[in-house]
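# Overview (structure and organization)
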Amino acid sequence: MALRNRLRRAAPIGAVALLLAVPVGACSSQSNQGTSKSGPLVIGASISLTGDFADPGKAVKAGYDLWASTVNAKGGILGRPVQFKIVDDTSSPDQVVTNYQNLINKDKVDLVVGPFSTLLTIPASQVAKRYGYAFLEPAGGGPKVFDQKLDNLFFVQPAPVVKQGDVFADWVLSLPADQRPKTAAYTELDDPFATPIAENLRSRFEAAGIKTVYKQVYPAETQDYSPIMAKVVAVKPDMLVGGTQSEDAYGQVKSLVQLKFSPPFMFLSNGANSPVEFPDKVGAGNTTGIMSSGDWFPGSTAAGSADFAAAYIKAHGGTADSIDNSSAEAYAVGQVIEAVAKKTGKIDNATIISTLHQGSWPTVLGDLSWDANGAPTGSFHLVQWQNGKLVPVFPAATAAGNKPLFPKPNWGSG
Amino acid sequence: MHALIQGVILGVLTGGVYALMASGQTLIFGIMKVINLAQGAFVILAAYLAYQLFVSFGVDPFLSIPVTTVVMFGLGVGVQVLFLRPLRREDKAELSLLVTFAVALLVEGVLSVTWNTTHRSINTSYANDSISLWSFQITEVRLWAFLLSLAALGGLYLVLNRTRFGRAVRATVQNPDAALLLGVEAQRVSALGFGLGAATAAAAGSIYGLLYPFNAGSHYDLISRLLSIVVLGGMGSVGGAVIAAMIVSTSSAVVASTLSPVWSEMTFFVILLLVLLIRPQGIFGTAGRGAI
């Protein structure tokens with residue numbers, strides 16, 4: 001859990017960096033228009049290639065690169081080949097500010113796109129705003145991103161982080177009353193990307209009359225989940241909602257298996273939606289019936305999804321299951337840029353900003369649309385483990401014929 | 001009541017594992033008056049070795065312990081000879097803190113470059129099996145880990161009390177000058193003692209990897225717990241470290257089961273603070289001479 005500790009430590013540093021950055025920006029002129037240029041369309045991005053976010057950062061880079069090669073194979077954007085200028089921010093909120101300032105002022109890139117994580121997206125988006133650049137970003141979906149009320153920012157995912165789990169409530173509450181769970185337990189990691197998802201679900205379920213029989217928020221340092229899970233087992237809820245991130249999701253499942261209790265409905269906000277890690281960590285036989293939510297999944301029928309998966313496998317090997325969602329999200333950023341150019345016949349920051357606030361934009365993540373602050377207004381897909389695979393099950397339109405499996409079968413029956 | 005007993009079971013089983021890790025730590029302090037901040041990193045390194053042997057060759061982490069023990073022992077001796085021996089005696093205590101911390105960072109760096117930052121865990125086929133005893137569930141891995149820790153501690157006890165080397169170690173702990181006069185080769189004892197301390201990390205690493213997900217940064221959490229246990233038990237006292245490990249892990253598991261997991265982590269440090277206020281030398285520590 002050292003990573004989270006470091007994030008906490010990094011936050012004040014980021015604030016200081018922002019303060020320092022203000023005067024520099026204030027005296028710079030607004031020079032952003034790359035309209036009537038010819039030659040390559042240069043897109044700048046700062047990405048964590050080292051440091052805490054190195055792994056997801058590299059996945060984002062893979063998505064950007066993949067989109068660039070795909071679009072260039074089709075002749076580029078408005079006849080201009082796409083070229084990425086990617087610099088490493090070492091996962092530091094200070095460096096990310098410097099990087100975007102350099103990309104915009106020194107390298108004079110045509111467009112900029114986002115880094116990885118909410119922590120880095122916030123300072124980066126403010127730099128972009130100051131210079132009038134549009135800021136499409138694939139990985140900063142925390143509430144603080146939208147609290148900035150920036151009109152140049154667009155979070156390229158179907159919904160903000162806190163609403164990621166809402167699709168589970170949509171499904172449960174769509175069931176006939178006699179099939180719905182009557183009681184629910186909530187186990188939530190004390191984390192801005194986990195607790196709000198579970199709390200959102202809890203308020204919707206309580207409003208619908210599903211009784212809360214247990215709720216526990218646990219700290220990030222928790223190593224043993226059996227004391228928490230033993231309490232869940234003691235109240236035998238019909239439904240377990242875990243506001244989880246990754247390791248804690250695995251820990252919860254393992255403890256429940258060891259305690260031999262399988263809740264009929266089980267939703268984990270994150271961790272369970274990782275196609276490779278999850279079965280590896282909890283044992284493939286224990287995954288069946290567990291639900292989570294996701295934006296991209298192997299076999300998705302969303303716009304360009306099959307091409308994306310094929311191109312990814314061609315470039316990196318492996319199977320569709322080994323594709324990190326962050327790559328799909330970064331790829332979708334490119335698709336949106338491409339769509340704006342196609343629709344308006346122009347590619348510059350002012351056009352992107354004014355165009356994207358209306359309409360719906362097809363990507364590998366589904367059709368996206370944004371409110372005035374750049375928060376996406378759609379919803380995630382409900383995904384479930386069935387026969388050792390993570391499949392979409394709700395809403396029916398994107399479920400490709402898969403039906404939600406409930407009650408969840410016992411452990412080890414997959 | 002049920003939750004309380006389940007908590008005690010968990011606490012005792014986990015306590016055994018911490019006892020093993022802390023015994024190596026306290027042994028090193030006892031012999032050399034060196035606070036080894038790299039012990040946590042050694043445990044994580046051993047966990048990665050066991051992980052790799054399991055993933056690449058399918059070697060069960062319990063069975064790979066003899067191999068990792070030899071590796072860790074060699075590493076421990078190497079660190080002592082290369083980095084700690086050159087320190088001047090008068091400022092050894094302070095400088096060794098810096099040196100062992102540097103070793104910890106070095107190990108962490110190598111681990112994160114080799115295995116990157118993703119959390120790993122050793123998932124054997126029996127990882128999620130549990131034994132039902134009345135209405136209590138006892139995780140098999142924890143039970144085996146506990147028994148193994150006891151066996152390793154027993155082995156350590158025999159080495160310290162039944163061998164010539166053990167007698168030399170105890171003599172060095174109790175009175176380094178007198179030991180030197182009686183012909184104990186302090187340099188050699190220090191190197192082997194450091195190696196022995198690091199070797200306990202091998203078994204502990206295999207077990208840690210079976211119980212918890214880990215990455216290169218995991219050693220920070222670990223070392224803070226280990227230091228608390230060592231201080232609580234009395235620095236240099238192996239028996240004290242075992243008792244202290246049991247006390248802290250049982251009480252934090254009981255607090256997690258009965259009160260809230262939020263308070264459980266804090267229990268550790270509250271106990272430490274209380275002991276330091278009432279008995280600053282730790283439960284089994286002696287104010288002047290060393291004890292073991």
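On a predicted model such as this, the values are computed, not experimentally measured, just so you know.

The next thing to look at is the overall build of chain B. Along chain B, the regular secondary structure elements total 11 helices and 2 strands. Mapped from its N terminus to its C terminus, chain B presents α and β elements in the order α-α-α-α-β-β-α-α-α-α-α-α-α. The C-alpha atoms of chain B give 19 Å as radius of gyration, which agrees with the globular expectation for 292 residues (19 Å, within 12%). Taking the principal axes of its C-alpha atoms as reference, chain B extends roughly 60 × 45 × 35 Å.

What follows deals with helix α3 (residues 93-106) of chain A. Residues and elements named next belong to chain A. Counted at 1.5 Å a residue, the expected span for α3 with its 14 residues is 20 Å, and the 19 Å between its end C-alpha atoms agrees. Those residues of α3 that sit buried are P93, V96, V97, N99, Y100, Q101, L103 and I104. In the segment just after α3, K108 is the residue with positive phi, at about 50°.

Moving on, we get to a nonpolar patch on the surface. Residue and element names in this part refer to chain B. The grouping of L259, V262, W263, M266, V270, L273, L274, L277 and I278 at the surface amounts to a nonpolar patch, some 970 Å² of accessible area in total. With respect to the secondary-structure elements, L259 resides in the loop between α10 (238-258) and α11 (261-278). Judged by its relative accessible area of 58%, L259 falls in the exposed class.

Following the criterion strictly, the structure yields 22 aromatic pairs over all chains and no others. Joined through ring pairs, the aromatic side chains of F168, W171, F205, F265, F267 and F406 of chain A make up one cluster.

It is worth spelling out the environment of A185 of chain A at this point. Residue and element names in this part refer to chain A. Topologically, A185 is positioned in strand β6 (residues 183-189). Note on A185: relative accessible area 0%, which makes it buried. Sequence-distant contacts of A185, that is, excluding residues within four places in its chain, are made with V213, Y214, V232, P237, M239, L240 and V241.

In this section: the sheet that holds strand β4 (residues 135-137) of chain A. All names here are of chain A. Sheet architecture is open: 5 strands sit in the order β2-β1-β3-β4-β5, paired in parallel fashion. Strands at the two margins of the open sheet, each flanked by one partner only, are β2 (82-88) and β5 (153-155). Going from strand to strand, the sheet's axes swing by 25° on average, the running direction of each strand aside. Across 2 bridges, the pairing between strand β3 (residues 111-113) and β4 is parallel. Bridging across to β4, V113 finds its partner in L136. Along the sheet, helix α4 (residues 118-130) contacts β3, β4 and β5; its crossing angle with β4, the most-contacted strand, is approximately 155°. Set on the sheet, helix α13 (residues 349-356) makes contact with β3, β4 and β5; between it and β5 the angle comes to about 55°.

Next up on the list: the packing of helix α5 (residues 140-162) of chain B against helix α6 (residues 164-174) of chain B. Residue and element names in this part refer to chain B. At a minimum axis separation of 5 Å, α5 and α6 run at an interaxial angle of 80°. In terms of orientation, α5 and α6 fall into the roughly perpendicular class. Between α5 and α6, the residues in contact are V159, L160, N161 and R162 and R164, F165, G166, R167, V169 and R170, respectively.

Facing 36 residues of chain B, the contacting portion of chain A comprises 29 residues. For the chain B and chain A pair, buried surface summed over both sides reaches about 2,500 Å², with 43% attributable to carbon and sulfur atoms. The interface formed by chain B and chain A holds 1 salt bridge in total. Applying the counting criterion to the chain B and chain A interface returns 17 residue pairs in polar contact (both at pLDDT 80 or more). Secondary structure elements with two or more residues in the side of chain B that touches chain A: α1 (2-32), β1 (130-133), β2 (136-139), α9 (219-233), α10 and α11 of chain B.

Applying the stated rule across the entire model yields 3 cavities of 30 Å³ or more. If you add up the space inside the largest cavity, you get close to 430 Å³. Residue lining of the largest cavity: 32 residues in total, with Q223 and Y225 of chain A together with L211, Y212 and P213 of chain B positioned closest to the centre. Of all elements in the fold, only α9 (247-259) of chain A together with α5 and α8 (186-211) of chain B reach the threshold of two or more residues within the lining of the largest cavity. Broken down by element, the residue count for the lining of the largest cavity peaks at 7 residues, all from α9 of chain A. Here the residues of the lining of the largest cavity are counted per class, giving 12 nonpolar, 12 polar and 8 charged. Empty space within the second largest cavity amounts to approximately 240 Å³. Every residue lining the second largest cavity is counted, 19 residues in all, and those nearest its centre are D224 of chain A together with R225, S252, S264 and E265 of chain B.

Criteria and cut-off values
- Residues numbered from 1 in each chain as written.
- Chains lettered and ligands numbered in written order.
- Predicted model: local features only at pLDDT ≥ 70, side-chain atom pairs only at ≥ 80, totals over all residues.
- Heavy atoms only, no water.
- Helix = DSSP H or I, 4+ residues; strand = E, 2+ residues; numbered from the N terminus.
- Rg over C-alpha atoms; globule rule 2.2 N^0.38 Å.
- Expected span 1.5 Å × (residues − 1).
- Buried < 20%, exposed > 50% of the residue type's maximum accessible area, 1.4 Å probe, protein only.
- Patch = residues over 30% accessible without salt bridge, like charges linked within 9 Å, V, L, I, M, F, W, Y side chains within 5 Å.
- Areas by Shrake-Rupley, 256 points an atom, 1.4 Å probe, with all protein chains shown as cover.
- Salt bridge = Lys/Arg side-chain N within 4 Å of Asp/Glu carboxyl O.
- Phe/Tyr/Trp six-rings, centres within 6.5 Å; stacked < 30°, edge-to-face > 60°.
- Contact = heavy atoms within 4.5 Å.
- Pairing = 2+ DSSP bridges.
- Axes fitted to C-alpha atoms, helices over the stretch in contact; angles between N-to-C directions.
- Parallel < 35°, antiparallel > 145°, perpendicular 65-115°, else oblique.
- Buried area = accessible area lost by both parts, 1.4 Å probe.
- Polar contact = N/O pair within 3.5 Å; in protein donor to acceptor, adjacent residues only side chain to side chain.
- 1 Å grid on protein atoms, 1.4 Å probe; cavity = no way out; pocket = protein on both sides within 12 Å on 5 of 7 lines; lining within 4 Å.
- Points joined across faces, edges and corners; volume = space filled by probe spheres on them.
- Nonpolar A, V, L, I, M, F, W, Y, C, P; charged D, E, K, R; others polar.

These figures come from the coordinates and say nothing about function on their own.
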